[in-house]
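# Observations on the model geometry
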Number of protein chains: 2
Amino acid sequence: MEARNILRFLFLFLCVALMLLFTWVHLPYAPPYANELLDCATNSPWCTSKNRLQSKQSNLLKEPPIPTSHRNHASDTPHHPLDPLTIQELNKVRSILSSHPLFKSSTYALHSVDLEEPEKALVLKWEKGDQLLPRRASVVARVNGNSNVLTVDLSTGQVTVRETGLPSGYPMMTIEDMTTATWAPLVNGDFNRTIIQRGINLADLACLPISTGWYGKSEENRRLIKVQCYSMEGTVNFYMRPIEGLTVLVDLDTKQVVEISDKGSNIPIPKAANTDYRYSAQELHQVMNLLNPISIEQPKGPSFTIEDEHLVKWANWEFHLKPDARAGVIISRAKVRDSDTGELRDVMYKGFSSELFVPYMDPTDAWYFKTYMDAGEYGFGLQAMPLDPLNDCPRNAYYMDGVFPTADGTPYVRSNMICVFERYTGDIGWRHSESPITGMQIREVRPKVTLVVRMAASVANYDYIVDWEFQTDGLIRIKVGLSGILMVKGTEYDNINQIPNQENLYGTLLSENVIGVIHDHYVTFHLDMEIDGSDNSFVQVNIKKEQTSAGESPRKSYLKAVRNVAKTEKDAQIKLKLYDPSEFHVINPSKKTRVGNPVGYKVVPSGTAASLLDLQDPPQKRGAFTNNQIWVTPYNRSEQWAGGLFAYQSHGEDTLATWSDRDRAIENKDIVVWYTLGFHHIPCQEDFPIMPTVSSSFDLKPVNFFESNPILRIPPNVENDLPVCKPAASG
Amino acid sequence: MEARNILRFLFLFLCVALMLLFTWVHLPYAPPYANELLDCATNSPWCTSKNRLQSKQSNLLKEPPIPTSHRNHASDTPHHPLDPLTIQELNKVRSILSSHPLFKSSTYALHSVDLEEPEKALVLKWEKGDQLLPRRASVVARVNGNSNVLTVDLSTGQVTVRETGLPSGYPMMTIEDMTTATWAPLVNGDFNRTIIQRGINLADLACLPISTGWYGKSEENRRLIKVQCYSMEGTVNFYMRPIEGLTVLVDLDTKQVVEISDKGSNIPIPKAANTDYRYSAQELHQVMNLLNPISIEQPKGPSFTIEDEHLVKWANWEFHLKPDARAGVIISRAKVRDSDTGELRDVMYKGFSSELFVPYMDPTDAWYFKTYMDAGEYGFGLQAMPLDPLNDCPRNAYYMDGVFPTADGTPYVRSNMICVFERYTGDIGWRHSESPITGMQIREVRPKVTLVVRMAASVANYDYIVDWEFQTDGLIRIKVGLSGILMVKGTEYDNINQIPNQENLYGTLLSENVIGVIHDHYVTFHLDMEIDGSDNSFVQVNIKKEQTSAGESPRKSYLKAVRNVAKTEKDAQIKLKLYDPSEFHVINPSKKTRVGNPVGYKVVPSGTAASLLDLQDPPQKRGAFTNNQIWVTPYNRSEQWAGGLFAYQSHGEDTLATWSDRDRAIENKDIVVWYTLGFHHIPCQEDFPIMPTVSSSFDLKPVNFFESNPILRIPPNVENDLPVCKPAASG
């Protein structure tokens, strides 16, 4: 019996060894090395993998290399209390932590290293020329399987461990978490066997790390991820070639495969044909007339300046702008100059995309868990890739880089992460012509020019374009565009007429064997308003039908505006209603206009979607911040992330919904407005193989903030001022 | 007694004579003469009045004259069956009618003279090169107090009287109706006395013709209008200086004052200060930094062509475009070229703004009736003034003129009524970057360039900007912008703290003694869809929460798309619901994509508002076409105007709501979709003295219309193709 056991063991050992050897040979890429990262700035920390791609797939990747930033950030220094940590500061944090007892002789990973913003009161008091406020870093680190939140004082070197008291959840993944997760299955024999059985060359494998969410006991007490893979054979758009039904559960801390679920062996891998979206891969025939070159031109240069790297000044606006690993873009201290008094007036202390929630609508084994929280799980800013000049932003754009740390704390530069540009679209700021009725010869029209701050995050397949657009009339438009590539499902069907009940497809048949699965997108914005000061109130101005009394009027009804000041948080849990509409004002009750209206801004929703999932559904508990479209909370330093600080695998105890249910007082207080922009997406064939951008927006708009129209004095365009242009020489 | 009576009579006679003399001396302007109209093309038929203004108010009106069109339309000939009537044709209609028995020895006015479009089947068959289809004019004329609808055959000269069978309502006013209405009060002594008592010089008077609506017996059997007046003293923005509470009821046919209501003698006329919005009237100090010149540039010229005056061809789009006196802009035969097959495919047979409904929310005497229907009462196109090049449209715009008849049938030219331009806004057509997760070095982005068709109608105070924007991905965005000047109400209050109950103000105190009254705007679009042919179906794709069954999934719920094909009109009376959402598809059930989806377009709402008025309120009966956001009717040649052919003073028997309630079959039929875009407007101080543009839109978007993304092949921008620009010499 013992000999037999030894033989069994040897046989198994050989099998595993062979598999490992095979895997190693076919391993698509090697892990990045942290010490190479700073040199390889543009695409770090994964840039090492590009060598593999350039050598192995040179036939597929003919694009020129993406330009790196020409700015050297090594000597950057902070100027403003809200400036992000610089390379020098990040290095200092790394050095302080490496000598701290907690990190000594331990494996650790830094999940985030951000500026710990000084107290709001101090920032509000701070003026240019004042001494910079003490610089502190807020660090989230995993050490020996535990999550820690630390404050590192950069001047004293002191490290303070903060108590989070969070019962569940893990920090945002590091890029290293994501990349290592995608290799983990490759050392698993069962996995490789399955791949080969499906007829896929292991070298053609592309795998994605998919956050598991939380559904109960099996997800508790370990940090898990699900890995799903695709075939890259014949296309760079591997997303369209899913190895359907194969899900590998991986422990993110141990990097071990926990479980493999394979329920799709009967489902073919969809074909590669017609999936490549790159220009270089297109057939040459053009049926559409090519357009003549068209461009936004400003030969005298842009009208904005960026002082000290982060302070944007344009027209009547001034605001602080910085990249953030989790939020993407943070706008702070937005102020607008009053056209009457010349005074700079506070509008918003801080605005950013706080969390995303992207639930897919397929309850089956390989899909039910896809309920992404792209900021708290993946880092919305970490996924914001360098923008493409001339295409992502117009020619006249300015680009801002991000500086982030890798898991070991080494800083790297994400170049061209944000762009800032002036926009003229041909739209009209205001106009009036006198009509034939009055016979006066008047025609006054002002063109609308705006300033746009943009980033584009590519969270694996999807691309989110986030714009903050500032108008001279005081309006701020926040717009989210969705493009990129669908997350699709393989199917045995290649025509709808084969499908007994189309409703049970969970989506749309987009191409042979490809289903675009129905899903939603929610982006929740944190809008810390500051209307002429911190103490503001939220007023719901309800538009209500009023019946006239008998004999009062030939009219039976009219609409009346009824103002309700929200006393506590529950008064401000708002579901939008077309047939019971309201305006939503944030006012300063202590400041009135000349004729007595409280000064304010209103939140103006546009097209949106509401989450319809069961409130008790685990993903909806975690995404409970989408239960309303608007919430208002009293300012609380710790309430920044709508899905909770530790959103990864959280149980939903630390969301905006939980905070708001405390029902704290919000009248005439420092308040934060939260707005959720939603999209239902039933895919259609036009979304294949890449989606034309769909966007929606909402506005923050002055309402009795100014005494009168603030853009009366802007001049009209006259021919003599406009640029003189000629076609390009090559044209 | 008799002597006393004679004395009384003499005294009264003298009083009236004096008043008439006084009025004549102070009469602000003389009526225009029809024979001057064609010469005075740009602003006719009211251009004669500009002399008055230029002489009397030269201090207020320093603007350069508005340029007239350089195009000579005298020899225009029609090329396409849908081309509007030319000057020659309008003259022919006039000549045919003048010799017709109905018009002989009668006073008459032509309220509209439009092309009677040929039968749809004939137009669909017609191709360029074919003989032009017989040209007919559709004429609405008032003769001796009766409304007549006539067809005039332009080749045979035959005139056919059509039976409308309409129990109520009158045709759209002529410009002459509107201008004569505004003078009518001036020959009334009581009126003039009131004006003088209010301290207003009669020479400073500006009056507006306000459609009365219909509220019962007192409005029946006569064509009425209400006239309200303003003081022009010290400002061209007389709208801000209402003579509150004074309403003159005028009979439009007899031109006689029927009744004067004066209930505002205690209300002061608001001050002129700070109401002028013209650039020339602004104080010179600038607190906002001036912006550097910015422009959309296309030095190689636009990429669109306009063949035969009306056929627009751009990128993959082709459509017929024409001005219309009632609708403003009509887009016909919109077709998009399939990027796979090269085939031109039908999308929409005809699209236009069919009616507007603008109810004000004040039930008091001088306001309750303000419930405008701007197309059917005033002529949305008649009010579309010449656009301002460089400000209303960008530099690269092409302008199209309108040709309309005056009340006696004389044609005149409205120059620059519509503009067409290509737009690049810096937005992104589609994009994808590969992320750190996959490590592939891909960044593909395509700029979005669109084609915009624009007009701006100034219906007295308000300005409506209507855009039809065509995208290369097949999407059509229809956008309405609101600007111009509020209709305001005088009040004794100059601060809110004087007002006992602000809710009863019917609006917002905007400035001292000025209330911006709450109102709604609804624009209802007629969208005669033609998805690859005439027979289409309307499918409501309902997004429905589905609970999973026990043990089915860790998920409790997901969303499912449930398709409901509308069988009859009542199935397609749609109220939008955020918490019971749907997509709204117009499909061709006979045409499927390769994988079997029916080809279609969807109506995609964005921000909108619903009318909340009592359904039995007289204005809501007349505006019943706003009772739903979407309606679908079977095509019926006579159902073009959502508020009825004779909307003026109609009782609401001939609206879209009435037609739809017939509940006709609409499945797999030639169908028309109607969409209503709504706005609630609670004015704010920023709207004073002129409003920054507010806009909203909806889309017609391909949904499985194409086999795949139709803009895969468009090239990215490259530096070498873009224009070379330098600042203007003057800069």
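Sequence positions are assigned chain by chain, starting from 1 and proceeding in written order. Working convention: letters from A go to chains and numbers from 1 go to ligands, in the order in which they are written. This being a predicted model, a pLDDT of at least 70 is required before a residue's local features are given, and a value of 80 or more before pairs of side-chain atoms are given or counted; all residues contribute to the totals for chains, interfaces and linings. As a rule here, side-chain values cover all heavy atoms of the structure and leave hydrogens and water aside.

What follows concerns the overall build of chain A. Going along the chain from the N terminus, every DSSP run of H or I of four or more residues is numbered as a helix, and every run of E of two or more is numbered as a strand. The number of helices and strands found in chain A is 9 helices and 32 strands. By sequence separation, contacts in chain A at least 24 residues apart represent 69% of the contacts at least 6 residues apart. Carbon and sulfur atoms provide 51% of the accessible area of chain A, an area that totals close to 25,000 Å². Contacts were defined at the residue level, with two residues in contact if any of their heavy atoms lie within 4.5 Å. The method behind every accessible area is Shrake-Rupley, applied with a 1.4 Å probe, and residues are considered shielded solely by the protein chains displayed.

Residue-level contacts link 222 residues of chain A with 221 residues of chain B. Only one rule defines a salt bridge in this text: a Lys or Arg side-chain nitrogen within 4 Å of an Asp or Glu carboxyl oxygen. The tally of links from chain A across to chain B stands at 16 salt bridges. With a closest N to O distance of 3.6 Å, Arg555 of chain A and Asp617 of chain B form a salt bridge. Of all the elements, strand 17 (residues 411-433) of chain A adds the most residues to the side of chain A that touches chain B, at 13 residues. Any residue outside Ala, Val, Leu, Ile, Met, Phe, Trp, Tyr, Cys, Pro, Asp, Glu, Lys and Arg is labelled polar, Gly included; the first ten of those are nonpolar and the last four are charged. For the side of chain A that touches chain B, the class distribution of residues is 105 nonpolar, 65 polar and 52 charged. Two elements, strand 32 (residues 724-726) of chain A and strand 32 (residues 724-726) of chain B, share 3 bridges in a ladder whose sense is antiparallel. Bridging from a neighbouring strand, Lys726 of chain A pairs with Val724 of chain B of strand 32 of chain B. Strands qualify as paired when DSSP identifies two bridges or more between them.

This brings us to the pairing of strand 6 (residues 224-231) of chain A. Residues and elements named next belong to chain A. Buried residues are those whose accessible area, probed at 1.4 Å on protein chains only, stays under 20% of the maximum for their type, while exposed residues exceed 50% and partly exposed ones sit between those limits. Counting buried residues in strand 6 gives 8 out of 8 residues, a clear majority hidden from the surface. Of the two faces of strand 6, the one lined by Leu224, Lys226, Gln228 and Tyr230 and the one lined by Ile225, Val227, Cys229 and Ser231 are each fully buried. One ladder, built from 7 bridges, connects strand 5 (residues 205-211) with strand 6; its direction is antiparallel. Note that in strand 6 the partner of Leu208 across the bridge is Gln228. In this sheet, strand 7 (residues 246-251) lies alongside strand 6 in antiparallel orientation, the contact comprising 4 bridges. Along strand 7, the bridge assignment pairs Lys226 with Leu249.

Here we take up the sheet that holds strand 21 (residues 488-490) of chain A. Residue and element names in this part refer to chain A. Pairing within the open sheet is antiparallel, and its 3 strands lie in the order 21-23-22. Pairing within the sheet leaves two strands with one partner each, and these edge strands are strand 21 and strand 22 (507-511). Taken pair by pair, the neighbouring strands of this sheet meet at an average axis angle of 40°, ignoring direction. As paired elements, strand 22 and strand 23 (residues 514-517) share 4 bridges and run antiparallel to each other. Note on strand 23: the bridge partner recorded for Leu509 is Ile515. Working convention: axes come from line fits to C-alpha atoms, limited for helices to the stretch in contact. Angles between N-to-C directions cover 0 to 180 degrees.

Summarising the element assignment, Thr425 of chain A is placed in strand 17. A relative accessible area of 10% places Thr425 of chain A in the buried class. Polar contacts, as used here, are pairs of N or O atoms within 3.5 Å; protein pairs need one atom able to donate a hydrogen and one able to accept it. Residues neighboring in sequence count only if both atoms are side-chain atoms. A polar contact is formed between the side chain of Thr425 of chain A and the backbone nitrogen of Asp427 of chain A, at a distance of 3.1 Å. Once you skip the residues sitting within four places of it in the chain, Thr425 of chain A turns out to touch Lys448 of chain A together with Ile296, Phe421, Arg423 and Thr425 of chain B.

A separate point is unusual backbone geometry. Between Phe688 of chain A and Pro689 of chain A the backbone carries a cis peptide bond, its omega angle lying at 0°. Following the sequence through the fold, Pro689 of chain A ends up in the loop between strand 30 (669-681) and strand 31 (691-702). Backbone geometry places Asn144 of chain B, a non-glycine residue, at a positive phi of 50°. On the secondary structure map, Asn144 of chain B appears in the loop between strand 2 (136-143) and strand 3 (146-153).

Right, let's talk about the nonpolar core for a bit. Here, nonpolar core refers to any group of buried Ala, Val, Leu, Ile, Met, Phe, Trp, Tyr and Cys residues whose side-chain atoms link them within 4.5 Å. Trp468 and Leu527 of chain A together with Trp468 and Leu527 of chain B are the most contacted members of the largest nonpolar core, which totals 277 residues. Apart from residues no more than four positions distant in its own chain, Leu527 of chain A is found in contact with Met348, Lys350, Trp468, Ile478, Val672, Val673, Tyr675, Phe698 and Leu700 of chain A.

Turning our eyes to something else, we now look at helix 6 (residues 189-197) of chain B. Residue and element names in this part refer to chain B. When helix 6 is considered as a whole, its buried residues turn out to be Phe191, Asn192, Thr194 and Ile195. Down the axis of helix 6, the buried set is contained in an arc of 160°. They therefore lie on one face. The N-terminus of helix 6 is capped by Asn188, whose side-chain oxygen sits 2.9 Å from the backbone nitrogen of Asp190. Positioned one or two residues after helix 6, Gly199 has a phi angle of 85°, which is positive. By definition, the arc is the one covered by directions from the helix axis to the C-beta atoms.

Moving on, we come to helix 3 (residues 87-98) of chain B. Residues spaced three or four apart along an α-helix point in a common direction, a consequence of the helix completing one turn every 3.6 residues. Residues and elements named next belong to chain B. Here a helix's expected span is defined as the number of its residues, less one, multiplied by 1.5 Å. With 12 residues, helix 3 should cover 16 Å at 1.5 Å per step; its first-to-last C-alpha distance of 16 Å lies within 8% of that length. Looking only at helix 3, the buried set comprises Ile87, Glu89, Leu90, Val93, Ile96 and Leu97. Against the buried residues of helix 3 lie strand 1 (108-115), strand 2, strand 3, strand 4 (159-162), strand 16 (398-405) and strand 17 (411-433).

Aromatic rings considered in pairs are described by the distance between their centres and by the relative angle of their planes. Each pair of aromatic rings taken from Phe, Tyr and Trp, with Trp reduced to its six-membered ring, is defined by centres within 6.5 Å and is described as stacked if the planes are under 30 degrees apart, edge-to-face if over 60, and tilted in the remaining cases. Tallied over the entire structure, the rule returns 52 aromatic pairs over all chains. Seen from their ring centres, Tyr675 of chain A and Phe698 of chain A are 4.3 Å apart, and the 35° between their planes marks the pair as tilted. Of the two residues, Tyr675 of chain A is situated in strand 30 and Phe698 of chain A in strand 31; the sequence distance between them amounts to 23 residues. For the pair formed by Tyr675 of chain A and Phe698 of chain A, the shared burial category is buried. Among the aromatic residues, those joined into a cluster by ring pairs are Tyr360, Trp367, Tyr372 and Tyr378 of chain A. To sit over a ring, a charge needs its Lys NZ or Arg CZ within 6 Å of the ring centre and within 35 degrees of the ring normal. Taking NZ or CZ as reference, Lys370 of chain B lies 3.5 Å from the ring centre of Trp367 of chain B, over its face.

A residue counts toward the fit only if its pLDDT is at least 70 in both copies, and the copies are then superposed by least squares on the C-alpha atoms of those residues. Each copy superposes on the other: chain A lies on chain B with an RMSD of 0.0 Å after a rotation of 180° and an axial shift of 0.0 Å. Here the copies are linked by what is in effect a two-fold axis. Closest to the rotation axis within chain A is the C-alpha of Cys725 of chain A, separated from it by 2.0 Å.

In this section: the environment of Gln256 of chain B. Residue and element names in this part refer to chain B. For Gln256, the location among the structural elements is in the loop between strand 7 (246-251) and strand 8 (257-262). Exposure remark for Gln256: the relative accessible area of 49% places this residue in the partly exposed category. When the C-alpha atoms of Gln256 and Leu224 are compared, they prove to be 9.8 Å apart, with 32 residues separating the residues in sequence. Residues within four places of Gln256 in sequence aside, it is in contact with Leu249, Val250 and Asp251.

So, about the confidence of the model for chain A. On average, residues of chain A score 90 in pLDDT, and 89% of them are at 70 or above. Residue-level confidence of the predictor is summarised by pLDDT, bounded by 0 at the bottom and 100 at the top. Predicted confidence for residues 18-67 of chain A stays below pLDDT 50, and this span has 97 contacts to residues more than four positions away or in other chains.

Turning our eyes to something else, we now look at the sheet that holds strand 1 (residues 108-115) of chain A. Residue and element names in this part refer to chain A. Within the open sheet, the 4 strands sit side by side as 1-2-3-4. Their pairing is antiparallel. The strands lining the two open edges of the sheet, one partner per strand, are strand 1 and strand 4 (159-162). Neighbour-to-neighbour, the strand axes of this sheet turn through a mean angle of 25°, independent of strand direction. The sheet contact formed by strand 2 (residues 136-143) and strand 3 (residues 146-153) spans 8 bridges and is antiparallel. If you follow Val140 over to strand 3, its bridge partner there is Val149.

Let us now look at the pairing of strand 13 (residues 328-337) of chain B. All names here are of chain B. Where burial is concerned, most of strand 13 is hidden: 9 out of the 10 residues are buried. Two elements, strand 12 (residues 317-324) and strand 13, share 7 bridges in a ladder whose sense is antiparallel. For Asp324, the partnering residue across the bridge sits in strand 13 and is Gly328. Between strand 12 and strand 13, which pair antiparallel and follow one another directly, the connecting turn spans 3 residues. The pairing of strand 13 with strand 14 (residues 344-359) spans 7 bridges and is classified as antiparallel. Following the sheet pairing, Lys335 is matched in strand 14 by Asp346. The hairpin turn running from strand 13 into strand 14, its antiparallel successor, is 6 residues long, and Gly342 in that turn takes a positive phi close to 80°.

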